[in-house]
Amino acid sequence: MRRIKISKNDESTIHKHLKALIIEVDKFRVAFPQTETDRWVVLETERPPALERDCMIFVRPKNVHHKGRNPCFLCTVQKEERMTTSYNLKMLRVNLTEKSIKTEILDEALAKKFIGGRGLGTKILYDEGVAKVDALSPANKLVFINGPLTGCNVPTGGRYMVVTKSPLTGMIASSNSGGVWGARLKYAGYDAVIVEGKADAPVYLSIHDEKVELLPAGDLWGKESTNVEEILKEKHGKEASVLNIGPAGEQMFELACIMNEADRAAGRSGVGAVMGSKLLKAIVCSSTRTVIEPFDKEKLREVVTESLRKIRENGVTGQGLPTYGTAVLVNIVNNIGSFPTRNWQESYFADADKTSGETLKEKYLVKQGYCHRCPIGCGRVINMNGKTVGGPEYEPIWAYGANCGVEDLEAINEANYWCNELGLDAIGAPTTIAAAMELYQKGYLKEEDCDGVPLVWGSAKAIVEWTKHMGYGDNKLGRLMASGSYRLCDHYGVPEFSMSVKKQEMPAYDARGIQGIGITYATSNRGGCHVRGYMISPEVLGLPEPLNRLATEGKATWTKIFQDLTAVIDSSGMCLFTSFALGAPDYAALLNAATGTNYDVEGVLKVGERIYNIERLFNKEAGMVAGDDTLPKRILEEPIPSGPSKGEISKLNITLPQYYEVRGWVDAFPTEATLKRLDLL
Ligand code: SF4
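Residues numbered from 1 in each chain as written. Predicted model: local features only at pLDDT ≥ 70, side-chain atom pairs only at ≥ 80, totals over all residues.

Engineer: Which parts of the structure should I look at to understand the overall build of the chain?
Structural biologist: The secondary structure content of the chain amounts to 25 helices and 25 strands. Taking contacts inside the chain between residues at least 6 apart in sequence as the whole, the part at least 24 apart equals 70%. (Helix = DSSP H or I, 4+ residues; strand = E, 2+ residues; numbered from the N terminus. Contact = placed C-beta atoms within 7 Å.)

Here it is as structure tokens:
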């Protein structure tokens, strides 16, 4: 590509200079205004001519004859430079109601202001008024969006985000997934796909470079994830990557997720239900291109070499995750007594080791699993009754294990497998089973409600069978459970049994024994979530430096920094797990080399802060109120009853006001001064 700085010519100038040099290009676009009079124009052409300063050029797309003003235009060359950036600066907009597919230009300045992925996806939806719509109506939109590092030759640079309004929380949803789908989309030439409206019959979207089409999916409807993938790969080639929903998404269950590569998931906040509401079963993506040219190849190579060194030398990314997967945390978190057990009634599980990453490796591991360009390989490929499948991560091991009182790792593997096949959130589904077990324990649910499989603590059969009932929606209780623990417990008049924030279930760390993660949960824009500011890193793993997990001092500031940095990583296209080894200077350097930005540490964190605040603005428009930043009553009022963290309780009453002050928020929302500082007004 060539980037040419031109002077602005008005219509009268164009008519005076019709003899100007004509450049035929595949495409051109005005990238963004520079000053009142100058613009950059991007020319996409295989063999651009050499251009002199001050020469007049007449830009004309190939095979288009100039009639009137558009699409040709005249300009004066002021400066030319070769432009490469890891953005494609192109998006697809697919309207399922109108059956239309359009290519749109992505404004480069806007992209850089929000980086991409989670940040840019939220900005697009906020500007298009999605916050106020019904999440399961055709007016909601789904944005599948890459970061500028997706598809680049950077460690873990293969991730994409699904951004939409969540049917689970009624707020912003942004779910991240690995595998290779994001990279395929990037290679095909697009930074994002925006899906709008609703089809009149099941469809899937096929993208192969510039050939993009909507195709019937009636024969795929009702099928499980890996089956859909097999059928579509058969049809579109084995190099194609398939993203799809299972039966849970088709039935618009609030716990439905989106799967790709069999066991990679955009797992949280019910993004699969939105896809189901549009009757969109899958998106297949393939490309002829296999590389992305960065802004500065040499610099990027240098930064990547250094990043890889840090990842290899770090104990977590170089040893713990590759050897034992994320389940390396089972014994670590249980040993500090912050491993929620039996729906958070306790926080130490005596049989935890039977479900640990070490045990998984010893008994079931076949090999490591890797996402695109990942040097870590935290994925687990396991043997499940003679079948090779994707294994469970730490969260589902905990949620099906300790949180349901189950020590049977074989059953956990199987339940996790069904989550993937049926397209269920592997945190939300098992934690809802745990809530149902507490309802059963306390008499709200009766044996006759349970279809022959009582929801008793420790039942290996229950975790497998109730996952299937939730995913297939084949009985009344299963369908209610698939709407999440909050709606389930509320139905029985005890919403406080739902261990959720903003109606989304919390993950595997007890906020009573780890104070900082409690702030992350309470203030997460997408509801109960650990990967919006992973305070476990300093509070439990001692990275980048050890913090006292039980103290409150400084935790508000640390949480804000972690949240802002996470927003950067999620928007860049890299995996959050790299942050055990890398810091803000590394991400800034990678982004600068790939896109041509000039971020320093302060600058890149400010973009992260902007992203966190635009999400908050989305939530405000969606109806969020100040009291939504809180934790379940049990965490605030019931001390941990036993184990190494016995007696501990959340001190959110202390940390939350501190957090709002650090953020520049009043009553949970940014002040005008904060919005101005972040260039959001
Ligand atoms: S660390 Fe794990 S989740 Fe992250 S990119 Fe690598 S394999 Fe995927």
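Engineer: What's the story with unusual backbone geometry in this structure? I'm lost.
Structural biologist: Leave glycine aside and you will find that most residues have negative phi; peptide bonds, for their part, are mostly trans. Between Leu543 and the following residue, Pro544, the backbone shows a cis peptide bond with an omega angle of 0°. Within the element layout of this structure, Pro544 appears in the loop between helix H19 (536-539) and helix H20 (555-572). At Trp344, a position not held by glycine, the phi torsion is positive, near 65°. With respect to the element layout, Trp344 can be found in the loop between helix H10 (329-335) and helix H11 (357-363).

Engineer: What exactly am I supposed to notice about the sheet that holds strand S12 (residues 192-196) here?
Structural biologist: The strands making up a sheet associate through hydrogen bonds between their backbones, and the pairing can be parallel or antiparallel. Strand order in the open sheet made by the 6 strands is S8-S7-S12-S9-S10-S11, with mixed pairing throughout. Two strands lie at the open edges of the sheet, namely strand S8 (100-105) and strand S11 (172-177), each paired on one side alone. Within this sheet the neighbouring strands show an average axis-to-axis angle of 15°, counted without direction. (Pairing = 2+ DSSP bridges. Axes fitted to C-alpha atoms, helices over the stretch in contact; angles between N-to-C directions.)

Engineer: Sorry, what's going on with the site of the ligand here?
Structural biologist: Near the ligand, the surroundings consist of Thr156, Gly178, Tyr370, Cys371, Cys374, Ile376, Gly377, Cys378, Gly379, Cys575 and Phe577. The residue makeup of the shell around the ligand, split by class, is 7 nonpolar, 4 polar and no charged. (Near = placed C-beta within 6 Å. Nonpolar A, V, L, I, M, F, W, Y, C, P; charged D, E, K, R; others polar.)

Engineer: Help me understand H20 in this model?
Structural biologist: Since one α-helical turn is 3.6 residues long, residues separated by three or four positions face the same way. Its 18 residues give H20 an end-to-end C-alpha distance of 25 Å, which sits within 8% of 26 Å, the value for a rise of 1.5 Å per residue. The first or second residue beyond H20 is Gly573, which carries a positive phi of 105°. (Expected span 1.5 Å × (residues − 1).)

Engineer: Explain helix H18 (residues 515-523) to me, please; I cannot follow it from the model alone.
Structural biologist: The element H18 is extensively covered by neighbouring structure, given that 9 of its 9 residues are classed as buried. Listed as buried for H18 are Gln515, Gly516, Ile517, Gly518, Ile519, Thr520, Tyr521, Ala522 and Thr523. (Buried ≥ 20, exposed ≤ 12 C-beta atoms within 10 Å, placed from the backbone.)

Engineer: Would you mind going over the pairing of strand S15 (residues 241-244) with me for this structure?
Structural biologist: Consecutive side chains of a regular strand alternate in pointing toward one face of the sheet and then the other. Burial of the side chains of S15 extends over both faces: Ser241 and Leu243 are buried on one face and Val242 and Asn244 on the other. Sheet topology note: the S15/strand S18 (residues 280-286) ladder contains 4 bridges and is antiparallel. Residue pairing across strands places Asn244 opposite Ala282, the latter belonging to S18. Taken together, the 2 bridges between S15 and strand S16 (residues 258-260) define a ladder with antiparallel strand orientation. When the bridges of S16 are listed, Leu243 appears paired with Asn260.

Engineer: Quick question: what am I supposed to make of the environment of Ser572 here?
Structural biologist: Tracing the backbone shows Ser572 in helix H20. Of the residues examined, Ser572 has 32 C-beta atoms within 10 Å and is grouped as buried.

Engineer: Please explain the confidence of the model for the chain as it appears in this structure.
Structural biologist: Detail in the predicted coordinates should be disregarded across regions flagged by low pLDDT. For the chain, per-residue confidence averages 92 on the pLDDT scale, and 88% of positions sit at 70 or higher. Note that pLDDT drops below 50 for residues 30-38; the model gives that stretch 20 contacts with residues more than four away or on any other chain. (pLDDT = per-residue confidence, 0-100.)

Engineer: What exactly am I supposed to notice about the packing of H20 against helix H24 (residues 652-663) here?
Structural biologist: Between two packed helices, what matters for the description is the angle formed by their axes and the separation of those axes. Look at H20 against H24: their axes get within 8 Å of each other, and the N-to-C directions meet at 55°. Relative to H24, the element H20 lies oblique. In the packing of H20 onto H24, the handedness of the crossing is right-handed. Contacts between H20 and H24 involve Lys555, Ala556, Thr557, Thr559 and Lys560 from the first element and Thr655, Gln658, Tyr659, Val662 and Arg663 from the second. (Parallel < 35°, antiparallel > 145°, perpendicular 65-115°, else oblique. Left-handed = near helix turned anticlockwise from the far one by under 90°.)

Engineer: Any chance you could explain the sheet that holds strand S19 (residues 365-369) here in plain terms?
Structural biologist: Here 3 strands make up an open sheet; going across it, the order is S19-S20-S21 and the pairing antiparallel. Only two strands of the sheet have a single neighbouring strand rather than two, namely S19 and strand S21 (387-390). In this sheet, neighbouring strand axes are inclined to one another by 25° on average, regardless of whether the strands run parallel or antiparallel. Note: strand S20 (residues 379-384) against S21, 4 bridges, orientation antiparallel. Looking across to S21, one finds that Met384 is bridged to Lys387. Each of S20 and S21 is contacted by helix H13 (residues 409-422), which is oriented at about 115° to S20, the strand it contacts most.

Engineer: Help me understand the packing of helix H3 (residues 117-127) against H20, please; the structure alone is not making it clear to me.
Structural biologist: Contact geometry of H3 with H20 gives a least axis separation of 5 Å together with a crossing angle of 85°. Considered as vectors, H3 and H20 are oriented roughly perpendicular to each other. Every residue of H20 that contacts H3 at Gly117, Arg118, Gly119 and Leu120 is listed here: Ala567, Asp570, Ser571 and Ser572. Within the contact of H3 with H20, the residues separate by chemical class into 2 nonpolar, 4 polar and 2 charged.

Engineer: Whenever I open this one, the nonpolar core confuses me. Can you help?
Structural biologist: Grouped together as the largest cluster of nonpolar side chains are 193 residues, with contacts concentrated most on Val193, Ile258, Ala282, Ile283, Leu424 and Ile463. Once residues within four sequence positions are removed from consideration, Ala282 is found in contact with Tyr204, Ala217, Leu220, Val228, Leu232, Val242, Leu243 and Asn244. (Core = buried A, V, L, I, M, F, W, Y, C linked by C-beta atoms within 7 Å.)

Engineer: Help me understand the environment of Ala588, please; the structure alone is not making it clear to me.
Structural biologist: Checked against the element boundaries, Ala588 lands in helix H21 (residues 584-595). With 22 C-beta atoms packed within 10 Å, Ala588 lands in the buried category. Taking the C-alpha atoms as reference, Ala588 lies 8.0 Å from Asn598; in sequence the two are 10 residues apart. With residues near it in sequence (within four places) discarded, Ala588 still touches Tyr599, Asp600, Val601 and Val604.

Engineer: Any chance you could explain the environment of Val180 here in plain terms?
Structural biologist: Inspection of the secondary structure puts Val180 in the loop between S11 and helix H4 (181-188). Taking the C-beta count within 10 Å as the criterion, Val180 has 22 such neighbours and is therefore assigned buried. As for Val180 and Arg373, which are separated by 193 residues in sequence, their C-alpha atoms are 8.9 Å apart. Residues within four places of Val180 in sequence aside, it is in contact with Gly158, Ser241, Glu261 and His372.

Engineer: Can you walk me through the pairing of S8 in this structure?
Structural biologist: Note that strand S7 (residues 90-95) and S8 share 6 bridges and pair antiparallel. Opposite Leu92, over in S8, you have Thr103 as the bridge partner.

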